[in-house]
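An overview of the molecular structure
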Amino acid sequence: MDGLVVVDKPAGWTSHDVVARSRRLLRTRRVGHAGTLDPMATGVLVLGVGRGTRLLGRLALTTKVYEATIRLGRTTTTDDAEGELIEDRPVEVDAAGLAAGMAALTGEIDQVPSSVSAVKVNGVRAYARVRAGEEVTLAARRVTVSRFDLLARRDSDLDVVVACSSGTYIRALARDLGAALGCGGHLTALRRREVGPFGLAAAVTLDELAERGPAAVLPLGAAVATAFPRRDVGVTEARDVAHGRRLPPVGSSGPYGVFGPDGAVLALFEERDGTARPIVVFAPA
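Residues numbered from 1 in each chain as written. Predicted model: local features only at pLDDT ≥ 70, side-chain atom pairs only at ≥ 80, totals over all residues. Heavy atoms only, no water.

Another point: the pattern of salt bridges. Applying the stated criterion across every chain yields a total of 19 salt bridges. Across the pair Glu108 and Arg142 runs a salt bridge, and its minimum N-O distance is 3.1 Å. Taken as a pair, Glu108 in strand 7 (residues 107–111) and Arg142 in strand 10 (residues 141–154) lie far apart in primary sequence, 34 residues in all. With a relative accessible area of 56%, Glu108 lands in the exposed category. Classification of Arg142 as exposed rests on a relative accessible area of 51%. For the salt bridge of Asp240 with Arg245, the shortest nitrogen-to-oxygen distance reads 3.0 Å. Under the relative-accessibility criterion, Asp240 is labelled partly exposed at 21%. (Salt bridge = Lys/Arg side-chain N within 4 Å of Asp/Glu carboxyl O. Helix = DSSP H or I, 4+ residues; strand = E, 2+ residues; numbered from the N terminus. Buried < 20%, exposed > 50% of the residue type's maximum accessible area, 1.4 Å probe, protein only.)

Reading across the sheet, the four strands line up as 15-16-17-18 and stay open at both edges, with mixed pairing between neighbours. Looking at the sheet topology across the chains shown, the edges are occupied by strand 15 (230–232) and strand 18 (275–281). If you compare each strand with its neighbour and ignore which way they point, the axes differ by 40 degrees on average. Here strand 15 runs beside strand 16 (residues 256–259); their pairing, made up of three bridges, is parallel. Across the sheet, residue Arg230 finds its bridge partner in strand 16, namely Gly257. Relative to strand 17 (residues 265–272), helix 8 (residues 235–242) is tilted by about 85 degrees, and along the sheet it contacts strand 15, strand 16, strand 17 and strand 18. (Pairing = 2+ DSSP bridges. Axes fitted to C-alpha atoms, helices over the stretch in contact; angles between N-to-C directions. Contact = heavy atoms within 4.5 Å.)

Turning our attention to the side chain of Lys9. Note on placement: Lys9 falls in strand 1 (residues 3–9). Comment: no salt bridge for buried Lys9; closest opposite-charge side chain is Asp17, at 7.5 Å. Among the polar contacts made by the side chain of Lys9, one reaches the main-chain carbonyl oxygen of Ala41 at a distance of 2.7 Å. Apart from the residues within four sequence positions on either side, Lys9 is in contact with Val18, Leu37, Asp38, Pro39, Ala41, Thr42, Gly43 and Leu45. (Lys, Arg positive; Asp, Glu negative; His and termini not counted. Polar contact = N/O pair within 3.5 Å; in protein donor to acceptor, adjacent residues only side chain to side chain.)

Buried residues dominate strand 1, accounting for seven of its seven residues. Bridge count for strand 1 against strand 14 (residues 218–219) is two bridges, and the pairing is antiparallel. What sits directly across from Gly3, in strand 14, is Pro219. Note: strand 1 against strand 3 (residues 42–49), seven bridges, orientation antiparallel. Paired with Leu4 across the two strands is Gly48, which belongs to strand 3.

Next up on the list: the nonpolar core. Membership of the largest hydrophobic core comes to 26 residues, with the highest contact counts inside it found for Ile70, Phe148, Val160, Val162, Ile170 and Leu177. Once residues lying within four places of it in the same chain are set aside, the contact partners of Leu177 are Ile70, Leu98, Gly101, Met102, Leu105, Phe148 and Leu158. Ranked by size, the runner-up nonpolar core spans 20 residues in total, among them Leu55, Ala203, Ala223 and Val280. (Core = buried A, V, L, I, M, F, W, Y, C linked by side-chain atoms within 4.5 Å.)

This is the structure in structure tokens:
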């Protein structure tokens, strides 16, 4: 049982809760996730099972798409609805001002993560330091927001869609938009629609996972073929791959899956310095 499961995470569950539940349902300890979702958030959480866990570090780096609701006029200690109120302010923002504020937060931006994020500070999660009573200020990091569009406005509530790079915090985006508009803001709802090529259409609920069990796992070969470009090799090259040897380059930029003559996935490769190197070898099973 090696591959991926796309779970539609319910609200109120941590990503670790989902992993723990999935381990019990699939009867294996080898389950992990590709990118944390906050407890209040719902939507796509990609789980690796068995050898599929070796894909998670690569999948975590891919583009993600969210639907979110931002409430203007209120700031909180956590930049979302679960935090304590800091300040309420009047909202006097017209359509043009809102559009300009969202445009300024689109593209490559320097974003300071929330102090209660999962970013590690000297090996300890920032949120753990905050809970211990420490004052935490995190450094800005460069992220890419390729899409930040308004879907609907309901008084002070903004329904938005965001497509962004790994490491982008949507609640920090809500905080920064509110700050730029002079009224403050925080996140009240978040649903992840996509992680790379995996979307809600392929997701199962935990109840469905309980019913389907291993049948819900996308097999390793299909998972690699969905998430990465494909390279097919012959018998001799397949033997080299199984032993972790390099291959001649084919001019591909990014990781790709290498498949043997029988169609089985053998490894993930990437090319640099004029050669193709294995970064994950699956064969032999």
